[in-house]
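These are the residues of each chain, in order.
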Amino acid sequence: MKVAWVTHHLEGEGGPGWLPGLHRGGGEMTDAALRDAAPSGVHLEVLSPQRAREADGYDRVVVTGTDLLTAPDMVRLSLLRPLVFLHHRQKPSQARGMLLAAADPLVVHTPAHEAVERLWCEPRRVEHVLSPMTDVFRTGPKRDVALWAARDHSSKGRLVAEAYATSKGWPFKAMFDAPRADVLDAMAEARWFIHLPLW
């Protein structure tokens with residue numbers, strides 16, 4: 001089976017404001033982990049947004065990034081009924097709405113994210129899937145601290161997380177732009193982990 005993986009979530013250094021290393025953010029990490037887990041016999045080809053038109057010749061199409069797709073490409077992809085996996089809130093547009101409505105299925109991380117997208121589009125079927133977390137299961141002695149760890153971006157909810165920790169009387173620690181190994185060590189020690197994105 002030949003699968004076209006259409007995305008702008010590509011490996012490579014992202015520059016200021018992005019995570020350090022090969023995967024500049026969570027979308028890139030998730031995409032890489034999902035592609036690595038493809039069953040044998042599945043041939044994946046990553047297509048950048050500029051190559052989206054090439055998806056027509058594949059058995060199945062997966063779209064994990066719509067931000068850089070043109071409106072005509074989103075309309076063309078919608079005809080292929082792709083699996084669409086959204087890593088973040090989408091900017092409403094008619095073409096993007098057509099793509100999300102045609103998705104088979106539309107995949108998001110949380111019911112809250114689904115609710116936000118349903119405010120402006122009508123997907124036929126939605127699935128909730130967490131990102132693969134194969135390397136996060138570490139344990140250690142717990143410290144009474146609430147940890148927030150994410151890319152330092154306004155939509156990630158750092159200030160909301162800090163306010164929540166303060167309301168509970170928990171010491172708060174924010175981590176961003178830190179190596180993944182350091183974040184995982186901090187997660188293993190923190191008694192509470194707070195993730196309150198703004199969508």
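Please refer to the structure higher up on the page.
All of these numbers come straight from a predicted model, not from anything done at the bench.

Enquirer: What should I look at first to understand the environment of Glu122 in this one?
Expert: Among the structural elements, Glu122 can be located in the loop between helix H4 (111-118) and strand S6 (126-128). Judged by relative accessible area, Glu122 falls into the exposed class, the value being 67%.

Enquirer: Quick question: what am I supposed to make of the environment of Leu68 here?
Expert: Within the secondary structure layout, Leu68 lies in the loop between strand S3 (60-63) and helix H2 (71-78). According to the relative accessible area criterion, Leu68 is exposed, its value standing at 52%. Measuring from C-alpha to C-alpha, the distance between Leu68 and Ser48 comes to 8.9 Å, with 20 residues separating the pair along the chain.

Enquirer: Please explain unusual backbone geometry as it appears in this structure.
Expert: Following Asp104, the chain continues to Pro105 via a peptide bond in cis, the omega torsion being -5 degrees. Relative to the helices and strands, Pro105 is located in the loop between helix H3 (94-102) and strand S5 (106-108). Of note, Arg81 is a non-glycine position whose phi angle comes to about 50 degrees, a positive value. Among the structural elements, Arg81 can be located in the loop between H2 and strand S4 (83-85). A residue is classified by how much of its surface remains accessible, and Arg81, at 35% relative accessible area, is partly exposed.

Enquirer: What is the right way to look at the pattern of salt bridges in this model?
Expert: Pairing between side chains of opposite charge can happen when the charged atoms of each approach one another. Counting across every chain of the model gives 11 salt bridges. Of the charged contacts, one joins Glu54 and Arg51 as a salt bridge, the two residues approaching to 2.7 Å between their closest N and O atoms. Taking the relative accessible area as the measure of exposure, Arg51 reaches 29% and is therefore partly exposed. With its nearest N and O atoms 3.0 Å apart, the salt bridge here joins Arg125 to Glu127.

Enquirer: I'm lost on the packing of aromatic side chains in this one. Help?
Expert: Two aromatic rings are characterised by how far apart their centres lie and by the angle between their planes. Going through the model one piece at a time under the given rule, you end up with 3 aromatic pairs. Centroid distance Tyr164 to Trp170: 5.9 Å. Interplanar angle 75 degrees. Geometry classified as edge-to-face. Ring centres of Trp170 and Trp192 lie 4.2 Å apart, and the angle between their planes is 5 degrees; on these two criteria the pair is classed as stacked. Residue Trp170 is found in the loop between helix H5 (158-168) and strand S8 (172-175), and its partner Trp192 is found in strand S9 (residues 190-193); the two are separated by 22 residues along the sequence. Taken together through their ring pairs, the aromatic side chains of Tyr164, Trp170 and Trp192 make up a single cluster. Sitting over the face of the ring of Tyr58, Lys2 holds its NZ or CZ atom 5.0 Å from the ring centroid.

Enquirer: It is not clear to me how the pairing of strand S1 (residues 2-6) should be interpreted in this structure. Could you clarify?
Expert: A regular strand places its side chains on the two faces of the sheet in alternate fashion. Burial runs high along S1: 4 of the 5 residues are buried. As paired elements, S1 and S3 share 4 bridges and run parallel to each other. Bridge pairing in S3 links Trp5 to Val62.

Enquirer: What is the right way to look at the side chain of Thr64 in this model?
Expert: Turning to its location among the elements, Thr64 is positioned in the loop between S3 and H2. Its relative accessible area of 3% is what places Thr64 among the buried residues. Within the local environment of Thr64, its side chain forms a polar contact with the side chain of Trp5, the two groups lying 3.5 Å apart.

What counts and what doesn't
Residues numbered from 1 in each chain as written. Predicted model: local features only at pLDDT ≥ 70, side-chain atom pairs only at ≥ 80, totals over all residues. Heavy atoms only, no water. Helix = DSSP H or I, 4+ residues; strand = E, 2+ residues; numbered from the N terminus. Buried < 20%, exposed > 50% of the residue type's maximum accessible area, 1.4 Å probe, protein only. Salt bridge = Lys/Arg side-chain N within 4 Å of Asp/Glu carboxyl O. Phe/Tyr/Trp six-rings, centres within 6.5 Å; stacked < 30°, edge-to-face > 60°. Lys NZ or Arg CZ within 6 Å of the ring centre and 35° of its normal. Pairing = 2+ DSSP bridges. Polar contact = N/O pair within 3.5 Å; in protein donor to acceptor, adjacent residues only side chain to side chain.

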